[in-house]
Structures are given as structure tokens and as C-alpha cells.
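Below are the chains, spelled out letter by letter.
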Amino acid sequence: MSTEGADESSWALDPEDESGAVVAAVGRQLKMWREAAGLDRSTFAERMGYGADLTRKIESGIRIPRPEYLDKADEVLGAGGKIAAMKEDVEKAHYPKKVRDLAKLESQAVELGAYGNHNLHGLLQTEEYARALYEIRRPAFSSDEVERHVAARMARQEIFHRQPSPALTFVLEQVTLERPIGGRDVLRRQLEHLLDVGRLRNVEIQVMPMDCEDHAGMGGQIDVLKLRDGSAIGYVEAQLMSRLVTSAKEIQILELRYGIIRSQALNPRQSRAFIEKVLGET
């Protein structure tokens, strides 16, 4: 492992993120374990194989330790699994707050309907497609921010493996199937992934073709989630803003629009054939 400059074993912390309290608490615990073991910061860092400055940043709650750092610290300090046990909370803390909030709602959903008009929905993206999207963002993300967002997006896809399985429906614009985000090879694997996901019994994927004259989705992205408690919530996103929709009147509008969009799109069987055709031409 590298020593100084080993920030790759931690994530940057947004100072305005409320998860900072969790990160600070973990840092204090690490410092207490280190001091109880009679190790100064330099000696501990040397045994860890990371730089002393990284140790300082993590103990001060400035950076979020990655799981492998906590595993190594548990071993070096003889914590018997007590430090490693903090991995789950710390790993979640490095996801952006907006994503954590959305993932929490998705984990409670029994139904999810989503329409997107500029790129494939995050739940349907492959890791390399998602990374390509974040890498072309302007103003540019740092490498650390790209990895942070990609990891968060991939973690949300646990929804496909939940039991009981939620009902998931997606309407994709034709252009999102044809725009070669990340290059032709990335797009080809992404299309193959869509076909795989579409085979799941609880998933329906539809395509909105370019030649559709009537289109109720011109207002942009729509996500509607129905939760276990019987309530519903919406999510909309545009340039520089995103928001959760909780007003019953606004949710009713989103549900109406989404229902019309689905009726205007190709049905799931036609959509699968369409995706296969695009894949064959890519």
C-alpha cells in the first residue's frame, strides 16, 4: 500500500452533510482504540500502511474511512471485529444525502414507476454507464466524487433483489437507447443489461418511440413510488434541482401523466423487440 497520499482509502466528507456526526463518532472511536493500544499516530499509520496525515483526517472526522481501512484497523488494533462492525454505517454515510433519502424511499416501495427523457434511469444503469455519465458532468466532478456517486447508484439497485419483490415499471425514451454514453461498447453492454433486467417477473420496461406524435411526458422526468403504508410520493429532477413531491394533488398529477405516458409508449413485448433491434445495430 502507499503511504502519504493514500486518500484513496477514504472518501471526502461534505461539511454540510448531516452524516458528519456518524463519521466524527467513528473517528473518535478509532482514536480511542489507537491510544488504548499505546500507539502514537505515526506508528499506527506505519502498521496500517497508510500515511499519518490520512490517519489524522479520519480521526478528526474530515474524511470517511473505506471498509478496507476499518478492516485493517480492526486487525492492527486487535479489536475483535468491533471496528469492522462500523463499516455499514460508514459506507452509507459516504453516499450523497439526496441519494440516501431516495434509496430509503425505494427500500419502502411496493410499486415504482419511472419515466426519464435524457438518460437511462439510475436503477437500470450498468456501473460503467453510470461512471461515464458522472465523468462527462460539467462542471466536472473530482475522481472521488465520481466514485462516490457511482457507488451510491449501484447500491440502490438492491431493490431488484428484495423480497417480496416490488412492482417496477420504466418508460425509456428511444434516444436514451441510442446515445452512446461512454462509447459503443458501453452502450452495447448497457442494452444487454436492459434485456436481462426486463426478464425479471416484477419488471416491465417500455420504450417511447421518437415518432410518437402524442407525448404526455414533455414536462420531464417522473418517479412515483407507492409505499408499504399505502402512501405515495413523487420525485422530480431538473437542472440544478430535485425535489420530493408529497402533496396529494401533485402526486395525482404525476400518476395521471405517468399512466398516459405508459399508454402512449410501446408495450413491454414491443419494447423488448425494439431494444433487441437497437442492440443489433449498435
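Our subject is the structure that appears above.
Since the model is a prediction, treat every value here as computed from it, not as a measurement.

K.L.:
Describe in detail the overall build of the protein chain, supporting the description with residues and values.
P.N.:
Counting its secondary structure elements, the protein chain contains twelve helices and eight strands. Seen through its principal axes, the protein chain has C-alpha atoms that stretch 70 × 45 × 35 Å. In the protein chain, which comprises 282 residues, the share counted as buried stands at 47%. Put simply, 73% of the contacts in the protein chain that link residues at least 6 apart link residues at least 24 apart. Of the accessible surface of the protein chain, which amounts to about 14,700 Å², a share of 49% is contributed by carbon and sulfur atoms.

K.L.:
Before we move on, can you summarise the packing of helix α10 (residues 184–198) against helix α12 (residues 268–281) with the specific residues and values?
P.N.:
Two elements in contact, α10 and α12, have axes whose closest approach is 10 Å; the angle formed by their N-to-C orientations is 160°. Looking at the two axes, α10 sits roughly antiparallel to α12. Here the hand of the crossing between α10 and α12 comes out left-handed. Two secondary-structure elements touch here, α10 through R188, L191, E192, L195 and G198 and α12 through R272, I275, E276, V278 and L279. A class-by-class count of the residues in the contact of α10 with α12 yields five nonpolar, one polar and four charged.

K.L.:
Just give me the short version of the sheet that holds strand β3 (residues 109–116), but keep the residues and values in it.
P.N.:
One key point about sheets: their strands pair by backbone hydrogen bonds, in either a parallel or an antiparallel sense. In spatial order, the strands read β5-β4-β3-β6-β7-β8; together these six strands make up an open sheet with mixed pairing. The open sheet terminates on both sides in strands that have one partner only, identified here as β5 (203–208) and β8 (241–245). Looking at each pair of strands side by side, their axes are set apart by 10° on average, direction ignored. Note that β3 and strand β4 (residues 167–173) share six bridges and pair parallel. Looking at β4, one finds that G116 is bridged to L172.

K.L.:
Lay out helix α1 (residues 20–36) in plain terms, naming residues and giving numbers.
P.N.:
Across its 17 residues, α1 extends 24 Å between first and last C-alpha, which sits within 8% of the 24 Å expected from 1.5 Å per residue. When α1 is considered as a whole, its buried residues turn out to be G20, V23, V26, G27, L30 and R34. Considered in projection along α1, the buried side chains sweep an arc of 125° and stay on one side of the axis. The outward face of α1, more than 90 degrees from its buried face, is lined by the exposed residues A21 and A36. Note on α1: the residue one or two positions beyond its end, G38, has a positive phi of about 75°.

K.L.:
Tell me about α10, and name the residues and values.
P.N.:
Between the first and last C-alpha of α10 there are 21 Å, a value that for 15 residues agrees with the 21 Å anticipated at 1.5 Å per step. Within the sequence span of α10, burial applies to V186, L187, Q190, L191, L194, L195 and V197. Of the surrounding secondary structure, the elements contacted by the buried residues of α10 are α7 (127–135), β4, α9 (174–178), β5 and α12.

K.L.:
Explain the packing of aromatic side chains to me, using residue names and the numbers behind them.
P.N.:
What the rule picks out here adds up to two aromatic pairs. Measuring from centroid to centroid gives 5.3 Å for Y50 and Y69, while their planes differ by 35°, and the two rings are tilted. Of the two residues, Y50 sits in the loop between α2 (41–48) and α3 (52–59) while Y69 sits in helix α4 (residues 67–77), which places them 19 residues apart along the sequence. Judged by its relative accessible area of 6%, Y50 falls in the buried class. Overall, the relative accessible area of 1% leaves Y69 in the buried class.

K.L.:
Describe unusual backbone geometry, and please don't skip the residues or the numbers.
P.N.:
What is expected of a backbone is that most residues other than glycine have negative phi and most peptide bonds are trans. Cis geometry marks the peptide bond from R138 to P139, where omega comes out at -5°. Checked against the element boundaries, P139 lands in the loop between α7 and α8 (143–156).

K.L.:
Quick one: what's the story with the side chain of E59, residue by residue and with numbers?
P.N.:
With respect to the helices and strands, E59 occurs in helix α3. Among all residues touching E59, those that are not within four sequence positions of it are G27, R28, L30, K31, R34 and R41.

The rules behind these values
In this convention, every chain numbers its residues from 1, walking through the sequence in written order. The model is predicted, so local features are restricted to residues of pLDDT at least 70 and side-chain atom pairs to those at 80 or more, both for listing and for counting; the totals for chains, interfaces and linings are taken over all residues. Note that the side-chain values use all heavy atoms of the structure and ignore hydrogens as well as water. Only DSSP runs of H or I covering at least 4 residues are called helices, and only runs of E covering at least 2 are called strands; the numbering of each starts at the N terminus. Here the term buried applies to any residue with accessible area under 20% of the maximum for its type, exposed to any over 50%, and partly exposed to those in between, with areas from a 1.4 Å probe on protein chains only. By definition, residues are in contact when any of their heavy atoms lie within 4.5 Å. Residue exposure ignores everything except the shown protein chains as possible cover, and the areas themselves are Shrake-Rupley values with a 1.4 Å probe. Helix axes are fitted only over the stretch in contact, all axes being lines through C-alpha atoms; the angle between N-to-C directions runs from 0 to 180 degrees. Our angle categories are set so that under 35 degrees counts as roughly parallel, over 145 as roughly antiparallel, 65 to 115 as roughly perpendicular, and the remainder as oblique. Take the far helix as the reference: if the near one is turned anticlockwise from it by less than a right angle, the crossing is left-handed, and if turned clockwise, right-handed. When residue character is reported, Ala, Val, Leu, Ile, Met, Phe, Trp, Tyr, Cys and Pro are called nonpolar, Asp, Glu, Lys and Arg charged, and the others, Gly included, polar. Two strands qualify as a pair provided DSSP detects at least 2 bridges between them. Take the residue count of a helix, subtract one, and multiply by 1.5 Å to get its expected span. Along the arc lie the directions from the helix axis toward the C-beta atoms. Only Phe, Tyr and Trp rings take part, Trp by its six-membered ring, and two of them pair if their centres are within 6.5 Å. Stacked means planes under 30 degrees apart, edge-to-face means over 60, and tilted covers everything else.

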